[in-house]
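Single-letter residue listing:
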Amino acid sequence: MRILLIASAFNSLTQRVHTLLRDEDHTVAVHLVRGDDPLREAVQETDPDLIIAPMLTAKVPDDIWSTRTVLIVHPGPKGDRGPSSLDWAIQEGATEWGVTVLQADAEMDAGDIWACVPFRVAPCGKSELYRGECADAAVRAVLLAVERFASGTYVPEPLDCTAPDVRGSLRPALRQDGRRIDWHGDDTATVVRKLRAADSRPGVLDELYGMELFLHGGHPEDELRGAPGAVLATRDGAICRATVDGAVWIPQLRRRRAPGGPVCLKLAATEVLGELLAGVAEIGADPVAAADRETWAEIRYRELGRAGFLEFSFPGGAMDTGRCRRLLAAYREALARPTSVLVLGPRRDFFSNGIHLGVIEAAADPGGESWENINAMDDLVHAVLSTTDRLTIAALPGNAAAGGLMLALAADEVWCREGAVLNPHYRLMGLYGSEYWTYTLPRRVGAAEAERLTSRTLPVSAPYAVELGLIDEVVPGGQDEFRAEIELRAAGLAGSAELADRIALKRAGRERAEAERPLDAYRLDELGRMRRNFFGEGEPYHELRREFVHGVRPSGTPAHLTEWVPAEG
């Protein structure tokens with residue numbers, strides 16, 4: 001079928017549905033709905049068989065939903081309505097939630113039901129849950145709804161709020177007065193739920209050191225204690241605040257925007273507070289010790305037999321200069337361990353999205369910070385590429401893009417969760433790209449396919465990435481199942497009889513490749529082009545980055561999304 005996706009943004013779920021439908025042999029196009037946007041004209045011009053809205057905050061015009069089938073993906077169980085579905089679920093401690101695909105109607109989220117799939121509410125932040133368990137349920141529900149629509153015989157179920165399986169109800173938007181933390185009354189579990197329900201946006205409005213700030217992200221702490229509300233310590237940019245019965249880590253803060261003032265960026269908490277933290281102790285987290293603690297640590301390390309697991313998790317998958325350097329130091333420490341297999345990747349969610357555009361935007365010299373950041377990424381990738389005494393595996397439980405995906409491709413093997421979405425390109429940000437992609441990407445998919453992937457600027461599903469040779473393995477299942485399977489496979493590989501031969505072949509291959517063209521030659525060529533992107537006259541990077549970081553929406557749908565994209569393969 002020809003399926004038109006209408007969405008408020010080409011976000012992670014919209015991208016996943018886009019790749020899923022292409023994998024299912026449908027032809028897909030996208031239209032981004034922008035306020036007074038000409039949606040009617042887009043529908044008339046494309047004349048789709050079916051319209052699906054994976055993430056839409058606007059109401060579908062009456063003359064569209066009344067003449068065509070428009071399916072809305074709502075992140076709530078049957079009967080749930082309102083714009084803060086996941087927020088309420090997390091803040092109120094729900095253990096199970098759902099995704100409902102319903103038909104657009106006069107009342108938002110109240111149309112006939114085409115599919116509903118439940119999911120477990122994992123103990124994590126809203127955005128992580130949205131990209132993980134919620135997205136898994138959403139794609140299953142979308143596939144089921146599309147199958148039912150294609151049959152031509154299925155009759156969707158009218159919403160009956162009295163039915164026993166209808167658990168949801170109409171809930172208002174969750175405002176700041178309902179999110180506010182009482183530091184002298186709320187226990188740690190309550191504080192964590194409130195923080196996690198607002199982690200990416202809108203954050204929890206609070207006052208600290210006389211400033212109004214939005215708090216972003218929440219992680220419990222198992223050891224530190226103090227006066228409720230007090231800042232007890234810092235760690236790698238985060239602050240730890242005491243609760244009535246424990247403490248929580250808050251990685252990011254955002255100043256409240258003054259009336260008429262500039263937009264304030266979400267940044268590391270210590271960056272926002274600066275000198276106000278004088279006298280607050282910086283307490284590091286050893287990656288090995290942190291692995292078995294309930295605390296906030298961006299980097300952890302554990303072992304299972306002769307397999308090492310270097311786990312890292314950064315907000316939004318963004319890696320600034322400091323994070324790259326800390327991860328490189330941890331990688332070098334991991335290489336000193338007596339292992340034969342080293343697995344890189346987080347336990348959940350994003351693998352990496354490359355350099356940190358927010359930190360760069362906030363820097364006094366964005367061009368200079370861009371240069372420092374890309375060189376720090378390159379140092380990390382080079383360390384992985386030049387490792388020849390063990391097998392390296394990149395394990396991707398979630399999405400990866402741009403330089404973050406190229407970091408994964410530096411490993412000997414890439415194992416990817418079935419639900420992950422990959423974006424192997426840089427050009428939408430006006431960048432040529434580095435991280436040795438001109439070596440690793442053609443080596444995997446060939447020069448012609450590498451050019452197509454980087455110029456087409458569309459997401460790729462994990463199953464299709466295997467067909468291309470971009471990655472090596474797809475592991476089905478959810479986030480927890482993925483990690484369990486990765487540990488089982490890596491430990492088995494580390495104990496296998498043929499591993500020594502594989503490592504020897506790898507070392508010989510690296511020596512031949514280095515003799516043919518040294519890695520430094522790829523880096524010099526890539527960075528020469530990136531220097532022009534960062535410092536050249538008329539380059540679009542700085543404007544594109546600024547618009548991205550500040551959430552400036554394009555006036556229309558980008559051309560690469562409006563074109564009908566046929567099924568992959």
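Within each chain, residues carry numbers counting from 1 in the order of the written sequence. Reporting of local features is limited, given that this is a predicted model, to residues whose pLDDT is at least 70; pairs of side-chain atoms are given and counted only at 80 or more, and all residues count toward the totals for whole chains, interfaces and linings. By convention in this description, side-chain values take in all heavy atoms of the structure and omit both hydrogens and water.

Working definition: helices are DSSP H or I runs of at least four residues, strands are E runs of at least two. Numbering for both runs from the N terminus. Scanning the protein for helices and strands turns up 21 helices and 23 strands. Here the C-alpha radius of gyration of the protein, 24 Å, is about what a compact globule of 569 residues would show, namely 25 Å. Projected onto its principal axes, the C-alpha coordinates of the protein cover approximately 65 × 60 × 55 Å. For the protein, the accessible area works out to roughly 23400 Å², and carbon and sulfur atoms hold 51% of it. Each charge class in the protein was averaged separately, 64 positive and 85 negative side chains, and the resulting centres sit 2 Å apart. C-alpha atoms define the radius of gyration in this analysis, and the globule rule sets the expected value at 2.2 Å times the number of residues to the power 0.38. Using a 1.4 Å probe, the Shrake-Rupley method yields the accessible areas, and only the shown protein chains count as cover for residues. In this tally, Lys and Arg are treated as positive and Asp and Glu as negative; His is ignored, and so are the chain termini. Throughout, a charge is located at the NZ atom of Lys, the CZ atom of Arg, the CG atom of Asp or the CD atom of Glu.

In this section: the packing of aromatic side chains. Stacked, edge-to-face and tilted are the three classes for Phe, Tyr and Trp ring pairs, Trp counted by its six-membered ring, which pair at centre distances within 6.5 Å; planes under 30 degrees apart are stacked, over 60 edge-to-face, the rest tilted. Here the structure, examined in full by the defined rule, presents 12 aromatic pairs. Pairing F534 with F535 gives two aromatic rings, centres 6.4 Å apart and planes at 90 degrees, and the pair type is edge-to-face. Exposure categories follow from relative accessible area, calculated using a 1.4 Å probe and restricted to protein chains: below 20% of the type maximum is buried, above 50% is exposed, and the middle band is partly exposed. On the basis of relative accessible area, F534 is assigned to the buried category, the value being 3%. Between F534 and Y541 the ring centres are 5.2 Å apart and the planes differ by 55 degrees, which places this aromatic pair in the tilted class.

Turning next to helix 19 (residues 519-535). By definition here, a helix of n residues has an expected span of 1.5 Å times n minus one. Its 17 residues give helix 19 an end-to-end C-alpha distance of 24 Å, which sits within 8% of 24 Å, the value for a rise of 1.5 Å per residue. Among the residues of helix 19, those classed as buried are L519, Y522, R523, E526, L527, M530, N533 and F534. Down the axis, helix 19 shows its buried residues gathered within 115 degrees of arc, on one side only. Contacts are residue-level and defined by heavy atoms, with any inter-residue pair within 4.5 Å sufficient. Buried residues in helix 19 make contact with helix 12 (366-385), helix 14 (437-445), helix 18 (499-516) and helix 20 (541-549). The directions from the helix axis to the C-beta atoms are what the arc is built from.

Note that L488 resides in helix 17 (residues 479-494). Sequence separation between L488 and A58 is 430 residues, and the spatial gap between their C-alpha atoms is 45 Å.

A few words now on the sheet that holds strand 8 (residues 211-216). A pair of strands is treated as paired once DSSP finds two or more bridges between them. Reading across from one edge, 7-8-13-14 is the order of the 4 strands in this open sheet, with antiparallel pairing throughout. Every other strand in the sheet has two partners, leaving strand 7 (204-208) and strand 14 (267-268) as the edge strands with one partner each. Pairing geometry for strand 8 and strand 13 (residues 252-255), over 4 bridges, is antiparallel. Residue pairing for strand 13: H216 is matched across the bridge by Q252.

Before going further, it helps to examine the sheet that holds strand 2 (residues 27-32). Spatially, 6 strands are ordered 2-1-3-4-5-6 in an open sheet, and the strand pairing comes out mixed. The open sheet has two free edges, formed respectively by strand 2 and strand 6 (113-120), since each of these has just one partner strand. Taking each pair of neighbouring strands and ignoring which way they run, the sheet shows an average axis angle of 20 degrees. Packing of helix 1 (residues 12-23) onto the sheet brings it into contact with strand 1 (2-7), strand 2, strand 3 (50-53) and strand 4 (70-74), and relative to strand 1 it is tilted by some 175 degrees. Orientation is described by lines fitted to C-alpha atoms, with helices fitted over the stretch in contact, and by angles between N-to-C directions that extend from 0 to 180 degrees. Packed onto the sheet, helix 2 (residues 39-46) meets strand 1, strand 2 and strand 3 and runs at close to 170 degrees relative to strand 1.

Across the 5 residues of strand 20 (residues 413-417), 5 count as buried, placing the element largely inside the fold. Every second residue of strand 20 is oriented toward a common face, with E413, W415 and R417 on one face and V414 and C416 on the other, all of them buried. By the bridge criterion, 4 bridges tie strand 18 (residues 391-396) to strand 20 in an arrangement that is parallel. Note on strand 20: the bridge partner recorded for L396 is C416. Direction of pairing for strand 20 relative to strand 23 (residues 473-475): parallel, over a ladder of 3 bridges. What sits directly across from C416, in strand 23, is V474.

Bringing unusual backbone geometry into the picture now. At the junction of R201 and P202, the peptide bond is cis and its omega measures out at 5 degrees in the coordinates. With a phi angle near 45 degrees, D236 is a residue other than glycine that sits in the positive phi range. Tracing the backbone through its elements, the reader meets D236 in the loop between strand 10 (231-235) and strand 11 (238-242). Its identity as a non-glycine residue notwithstanding, E435 has a phi of 60 degrees, on the positive side. Residue classification places E435 among the buried residues on the basis of a relative accessible area of 1%.

Further remarks concern the nonpolar core. L310, L396, L422, L441 and L470 are the most contacted members of the largest nonpolar core, which has 66 residues in total. In terms of residue count, helix 12 provides more of this core than any other element does, 9 residues in total. If we skip the residues at most four places from it in the chain, L441 touches M406, L409, G446, A450, L453, T454 and L470. Here the nonpolar core consists of buried residues drawn from Ala, Val, Leu, Ile, Met, Phe, Trp, Tyr and Cys, with membership extended through side-chain atoms lying within 4.5 Å. Counting 42 residues, the second largest nonpolar core, distinct from the first, contains V30, C124, C134 and A137.

On to the environment of D349. With respect to the helices and strands, the residue D349 is situated in the loop between strand 17 (341-344) and helix 11 (357-362). Looking at D349, the relative accessible area reads 10%, which means it is buried. Placed 276 residues apart in sequence, D349 and V73 show a C-alpha to C-alpha distance of 21 Å. Apart from residues no more than four positions distant in its own chain, D349 is found in contact with E128, R131, P397, G398, N399 and Q479. Within the structure, the side chain of D349 is placed 2.7 Å from the side chain of R131, a separation counted as a polar contact. For the purposes of these results, a polar contact is taken to be a pair of N or O atoms within 3.5 Å, where, inside protein, one atom must be able to donate a hydrogen and its partner to accept one; residues adjacent in sequence count only when each atom of the pair is a side-chain atom.

The next thing to look at is the pairing of strand 11. Of all the 5 residues making up strand 11, 5 are buried; the element is thus mostly covered by neighbouring parts of the structure. Here strand 11 shows a buried face lined by A238, C240 and A242 and a second buried face lined by I239 and R241. Pairing of strand 10 with strand 11, which is carried by 4 bridges, proceeds in the antiparallel orientation. Counted as the bridge partner of T234 is I239 from strand 11. Counting the residues in the hairpin turn of strand 10 and strand 11 gives 2 residues, including D236, whose phi is positive at 45 degrees.

Attention shifts here to the packing of helix 12 against helix 19. Helix packing geometry: the angle between the two helix axes and the distance between the axes. Where helix 12 contacts helix 19, the two axes come as close as 11 Å, and the packing angle between them is 160 degrees. Our classification of the angle between helix 12 and helix 19 gives roughly antiparallel. Crossing of helix 12 against helix 19: the hand is right-handed. Only L519, D520, R523, L527, M530, R531, F534 and F535 of helix 19 make contact with helix 12, whose side of the interface consists of G367, G368, S370, W371, I374, N375, D378, D379, H382 and L385. By the definition adopted for this analysis, an angle is roughly parallel if under 35 degrees, roughly antiparallel if over 145, roughly perpendicular if from 65 to 115, and oblique otherwise. Each crossing gets its handedness from the near helix: less than a right angle anticlockwise from the far helix is left-handed, clockwise is right-handed.

For I113, the position within the fold is in strand 6. Taking the C-alpha atoms as reference points, I113 and P156, 43 residues apart in sequence, are found 5.3 Å from one another. With residues near it in sequence (within four places) discarded, I113 still touches K78, T100, V101, L102, Y154, P156, E157 and L159.

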